[in-house]
Amino acid sequence: MSENQTKPGDAQTDCLLSGKLYCYGDNVDTDVIIPARYLNTTDPAELAKHCMEDLDADFAATVKPGDFIVAGQNFGSGSSREHAPVAIKASGIALVIAASFSRIFFRNAINMGLPILECPEAAADIQAGDQLKVSLTEGWIENLSRQTRYQATPFPDFIRKLMAADGLVGYVRGKYDFATTEEAKA
Amino acid sequence: MTQKILAAHAGLETVKAGDLIEAKLDLMLGNDVTVPPAIDVFYRTGATRVFDQDRIVMVPSHFAPNKDIKSAEHCKKMRLFAAAQGITHYYEQGSKGMGIEHVIVPENGLVLPGYCMIGADSHTCTDGALGAFATGVGSTDLGCAMATGQTWFKVPQAIRINLSGQLRPHVAGKDLILYVISKIGVDGALYRSMEYTGPGVAQLSMNDRLTICNMAIEAGGKNGIFPVDQVTLDYIREHAPQAYAQKNYQVFTADPDAEYVQTLDIDLAEVPLMVAKPYLPENGQDVRLVAAADQAAIQQVVIGSCTNGRYDDFKVAAELLRGRQVAPGVRCFIIPGSQAVYLRCLRDGLLADFVDAGCVVGPPTCGPCIGGHMGVLASEERCVSTTNRNFVGRMGSPESQTFLAGVPVACASAVMGRIASPDELPELVKA
């Protein structure tokens, strides 16, 4: 998250989201998040240029660091392409709030460190222009504009462990000592 | 059944829905889009050698034959990694056993009943047809799993789809899965496993089961799974003779009192020929309703993909296209799902039937299904396709439209030049 756009709150992961809100409906699939015609690259910046292109042609041109996405059910459905959360993260989006996430997108977001919160109430209630304060660790979303507080589905301990390790790679690095194993084999 | 396979691979007596477990993997899979990022992840874990070179499958299937320089670089990166690591199941284009990932994994006998497998490709769920647990993941998951041989899962709840009766003529697995998705929606099985049971299961061929499990993801499902029966055993005897002879597989069965969050009872005879209209796979309807309401011209038909790209699919297609002609203004692409399927179609004369009928026959590739290459749609174009997704822009222009259907409807539509049921095809005049 860019420090200019988000200010630290009570805890380190609490932040004020004052960026622009991009509001989408149900079943935003990974083919519209990043169309397959652009999957001939893995460069995050290049992917970000085409993020949401088939759903919202203005997204890539207008999105700024610290902006956020609020969407309905089944966000990230379809293909397993990790290029989708990569594109969203690289476009500067600080957080995706959805009523629900498709399970592969959920995994990918946790694994590669795109902040997400699952919260049907927030997804239904939040409107464009609302200012939010959120705690990723505690999973609450405060809508400062509407003076409402929503509680997202809490992450299980194992998922928190993954998040604390900065994603799956960090977790695996901490758990396995490949160097020793390789030496032992040699 | 899914829970039992996961428990066995996590070294646990039992697991229950919602448990987070780490499970050992029998097989993992990736392609030219998902493997290149997975290779970077693999090295970032600190690993230098893959956990087991015999348990990783890599296939250049999506933008291969390479559509441009960037795709060629991805394929090259995967090829060099596979060579350096001695990956046994790397399938080069043109090599024996090559094809679309989900067509060749069962065809080459790589997946067996009781396996726990992942693939960095959402349609990995196809392999549940053999009584295995198979699910799609991302590149980070694959990269880490290549290093460790394990991954994490949240144990899913199960939906039971209880089948009875028999399918009507022309109706096949594709119609059944489109029918199921039309009932439960594209998130109807979100985070859940779709377990097929009942006396109707025995009526379904392995080809039907592969198609049905392939599209579990289109209902949001974590996996689809069929019980192991004689059809399964006959299939592995043919495709994995050594494993079959050594009984190198494990049959898991659902307990009679297994818990399901939902049960869907389906009489196979009630399933019509289906068409799913744009832009969601849940928009399925009886083809007769769709055809009656929409007589507009179509410009393209695609027959192939991991959903309907096996020999049985092309056999059905040839029976309907033989002696007929693709309508003027329609491009019909026939894409055998593997080299083996291609060769068998060639030897049995099916490719000649297709070419005679005015079809384009292409090499095994995912190309048109993902709007990648070899059949990309222009704006305002409408396509009837045996593939699995009809999202906005999936097969090309965001202003194009894809109608999902099974092979008989796709063939009839190609000949009629509009969405059509095979019942509408004019009788062939005997020469």
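Residues numbered from 1 in each chain as written. Chains lettered and ligands numbered in written order. Predicted model: local features only at pLDDT ≥ 70, side-chain atom pairs only at ≥ 80, totals over all residues. Heavy atoms only, no water.

**Quick notes on the sheet that holds strand β11 (residues 262-267) of chain B**
Residues and elements named next belong to chain B. Read from one edge to the other, the open sheet built from four strands follows the order β10-β9-β8-β11, with strand pairing classed as parallel. Edge positions in the sheet fall to β10 (223-225) and β11, since each has one partner strand and no second. On average, each strand axis in the sheet is tilted by 20° relative to the strand beside it, whichever way the strands run. In the sheet, strand β8 (residues 158-164) pairs with strand β9 (residues 193-197) via five bridges, with the strands oriented parallel. For R160, the partnering residue across the bridge sits in β9 and is E195. Against the sheet, helix α6 (residues 173-184) engages β8, β9 and β11, with an angle of about 135° to β11. (Pairing = 2+ DSSP bridges. Helix = DSSP H or I, 4+ residues; strand = E, 2+ residues; numbered from the N terminus. Axes fitted to C-alpha atoms, helices over the stretch in contact; angles between N-to-C directions. Contact = heavy atoms within 4.5 Å.)

**Observations regarding unusual backbone geometry**
All names here are of chain B. The amide bond that connects A64 to the next residue, P65, takes the cis arrangement and shows omega of -10°. Along the chain, P65 falls in the loop between β3 (56-59) and α3 (69-85). The residue after P278, namely Y279, is reached through a cis peptide bond having omega 0°. Locating Y279 in the fold gives a position in the loop between β12 (274-276) and β13 (284-286).

**Examining the environment of B:L167**
Residues and elements named next belong to chain B. Counting through the fold element by element, L167 comes out in the loop between β8 and α6. A residue is classified by how much of its surface remains accessible, and L167, at 21% relative accessible area, is partly exposed. L167 sits 122 residues away from T45 along the chain, and the two C-alpha atoms are 49 Å apart. Residue contacts for L167: discarding those within four places in its chain leaves A172, L204, D208, L268 and V271. (Buried < 20%, exposed > 50% of the residue type's maximum accessible area, 1.4 Å probe, protein only.)

**A look at the interface of chain A and chain B**
On the chain B side, the residues contacting the 44 residues of chain A number 51 residues. Interface area for chain A against chain B, summed over the two sides, is near 4,000 Å², with a carbon-plus-sulfur share of 57%. Three residues, A:N40, A:R103 and A:R107, lead the burial of chain A against chain B; their summed loss comes to 19% of the area buried on that side. If you look at where chain A meets chain B, you find three salt bridges. Salt-bridge contacts for B:E22 lead to A:K175; the nearest nitrogen and oxygen are separated by 3.1 Å. The interface formed by chain A and chain B contains 22 residue pairs in polar contact (both at pLDDT 80 or more). (Buried area = accessible area lost by both parts, 1.4 Å probe. Salt bridge = Lys/Arg side-chain N within 4 Å of Asp/Glu carboxyl O. Polar contact = N/O pair within 3.5 Å; in protein donor to acceptor, adjacent residues only side chain to side chain.)

**Notes on the sheet that holds strand β17 (residues 382-385) of chain B**
Residue and element names in this part refer to chain B. In spatial order, the strands read β13-β12-β18-β17-β14-β15-β16; together these seven strands make up an open sheet with mixed pairing. Because the sheet does not close on itself, it has two edges, and the strands there are β13 and β16 (360-361). Where strand β15 (residues 331-335) and β16 come together, two bridges link them in parallel fashion. Note that in β16 the partner of I334 across the bridge is V361. In the packing of helix α15 (residues 407-416) onto the sheet, contacts are made with β12, β14 (300-304), β15, β17 and β18 (401-405), and the angle to β14 comes to roughly 150°.

**Some words on the packing of helix α5 (residues 103-112) of chain A against helix α7 (residues 157-164) of chain A**
Residue and element names in this part refer to chain A. Interaxial distance between α5 and α7 falls to 8 Å at its minimum, and their mutual angle equals 45°. By the angle class used here, α5 and α7 are oblique. Residues F106, I110 and N111 of α5 form the contact with α7, whose participating residues are I159, L162 and M163. Its residues assigned to classes, the contact of α5 with α7 shows five nonpolar, one polar and no charged. (Parallel < 35°, antiparallel > 145°, perpendicular 65-115°, else oblique. Nonpolar A, V, L, I, M, F, W, Y, C, P; charged D, E, K, R; others polar.)

**Comments concerning the domain arrangement of chain B**
Residue and element names in this part refer to chain B. Per the domain assignment, the segments making up chain B are domain 1 (2-267) and domain 2 (274-427). Of note, the centres of domain 1 and domain 2, computed from C-alpha atoms alone, are 25 Å apart. For the pair domain 1 and domain 2, the summed buried area comes to about 3,000 Å², and 61% of that belongs to carbon and sulfur atoms. The largest contributions to the domain 1 side of the interface with domain 2 come from I100, H170 and K174, which together make up 20% of the buried area. (Domains from an automatic or database assignment.)

**Quick look at the environment of A:V63**
Inspection of the secondary structure puts A:V63 in the loop between α3 (59-62) and β4 (68-71). Taking the C-alpha atoms as reference points, A:V63 and A:L136, 73 residues apart in sequence, are found 21 Å from one another.

**With respect to the side chain of B:R382**
Residue and element names in this part refer to chain B. Within the secondary structure layout, R382 lies in strand β17. We classify R382 as buried; its relative accessible area is 11%. Within the structure, the side chain of R382 is placed 2.9 Å from the side chain of D294, a separation counted as a polar contact. Within the structure, the side chain of R382 is placed 3.0 Å from the backbone oxygen of A297, a separation counted as a polar contact. Leaving out residues up to four positions away in the same chain, R382 has contacts with D294, A296, A297, I298, Q299, Q300, Q401, F403 and I419.

**A look at helix α14 (residues 350-357) of chain B**
Residues and elements named next belong to chain B. All buried positions along α14 are accounted for by L350, L351, D353, F354 and A357. The buried side chains of α14 occupy one side of the element, clustering within an arc of 155° when seen end-on. Relative to its buried face, α14 has exposed residues pointing more than 90 degrees away, namely V355 and D356. Backbone geometry just downstream of α14 places G358 in the positive-phi region, at approximately 95°. (Arc of directions from axis to C-beta.)

**Overview of the packing of aromatic side chains**
Residue and element names in this part refer to chain B. Scanning the entire structure with this criterion turns up 15 aromatic pairs over all chains. A centroid spacing of 5.5 Å and a plane angle of 80° characterise the contact between F42 and F81, whose relative ring orientation is edge-to-face. Placement of the pair is F42 in helix α2 (residues 35-44) and F81 in helix α3, with a sequence separation of 39 residues. Taken individually, F42 and F81 each receive the classification buried, so the pair is uniform in this respect. Ring centres of F314 and F354 lie 6.3 Å apart, and the angle between their planes is 75°; on these two criteria the pair is classed as edge-to-face. (Phe/Tyr/Trp six-rings, centres within 6.5 Å; stacked < 30°, edge-to-face > 60°.)

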